[in-house]
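# Chain and residue survey
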Amino acid sequence: MTAVPMPGWALDVGTTIADAQNRDGASIAYTARGPYTADVERHDRILVYGEQFKISGGVRRQPGPTATTSHTILLLVLWEG
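Residues numbered from 1 in each chain as written. Predicted model: local features only at pLDDT ≥ 70, side-chain atom pairs only at ≥ 80, totals over all residues. Heavy atoms only, no water.

### Let's talk about the overall build of the chain
Of the regular secondary structure elements, the chain holds zero helices and six strands. The secondary structure elements of the chain, listed N-terminal to C-terminal, are β-β-β-β-β-β. Of all 81 residues assigned to the chain, the portion counted as buried reaches 32%. Relative to all contacts within the chain whose residues are 6 or more apart in sequence, the contacts with residues 24 or more apart total 51%. (Helix = DSSP H or I, 4+ residues; strand = E, 2+ residues; numbered from the N terminus. Buried < 20%, exposed > 50% of the residue type's maximum accessible area, 1.4 Å probe, protein only. Contact = heavy atoms within 4.5 Å.)

### Here's the deal with the packing of aromatic side chains
Under the definition given, this model contains one aromatic pair. Between tyrosine 30 and phenylalanine 53, the ring centres sit 5.4 Å apart and the planes meet at 65°, which makes this aromatic pair edge-to-face. Of the two residues, tyrosine 30 is situated in strand β3 (residues 26-35) and phenylalanine 53 in strand β5 (residues 51-62); the sequence distance between them amounts to 23 residues. Judged by its relative accessible area of 2%, phenylalanine 53 falls in the buried class. (Phe/Tyr/Trp six-rings, centres within 6.5 Å; stacked < 30°, edge-to-face > 60°.)

### What about the environment of glutamate 41?
Its location among the elements puts glutamate 41 in the loop between β3 and β4 (45-48). Residue glutamate 41 is classed as exposed on the basis of its relative accessible area of 51%. Along the primary structure glutamate 41 and valine 59 are separated by 18 residues, whereas in three dimensions their C-alpha atoms are 6.3 Å apart. Ignoring anything within four residues of it in the chain, the contact list for glutamate 41 reads Ile55 and Val59.

### Here's the deal with the nonpolar core
Judged by nonpolar contacts, the single largest core of 14 residues is most densely connected at Met6, Ile46, Val48, Phe53, Leu74 and Leu76. Mapped onto this core, the elements with two or more residues apiece are β3, β4, β5 and β6 (71-80). Once residues within four sequence positions are removed from consideration, leucine 74 is found in contact with Trp9, Tyr30, Thr31, Ala32, Val40, Ile55 and Val59. (Core = buried A, V, L, I, M, F, W, Y, C linked by side-chain atoms within 4.5 Å.)

### Focus on the side chain of serine 70
Here serine 70 is to be found in the loop between β5 and β6. According to the relative accessible area criterion, serine 70 is buried, its value standing at 10%. Of note is the side chain of serine 70, whose polar atom sits 2.8 Å from the backbone nitrogen of glycine 64. Among the polar contacts listed, one links the side chain of serine 70 to the backbone oxygen of threonine 66, at a separation of 2.9 Å. Each residue touching serine 70, except ones within four places of it in the same chain, is listed here: Gly34, Tyr36, Gln62, Pro63 and Gly64. (Polar contact = N/O pair within 3.5 Å; in protein donor to acceptor, adjacent residues only side chain to side chain.)

Here's what the structure looks like:
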C-alpha cells in the first residue's frame, strides 16, 4: 500500500496506549479532519510526521451547511513495538 500525504488536514492528539498484556508495544492515535470529498478509504495508510498510520474503523463524513464546515473524519492508529 502507498501512504497518502495529508496537506490541509487538521490533527487532534488522540491517545497512546501501552500493550499491558504483552508489554512490547504501544498504540498511538490521532483524529484527523479534512475535506469532505477526500479520496480516502478504510484501511488506507496515511503519512503523519513521516510515519505510516492506518485508518481504524470507517471513514466518517460530517456534512455542514457550507464546504468549510463539512469534513471527513478519520481515526488514525500506529502500533509501535
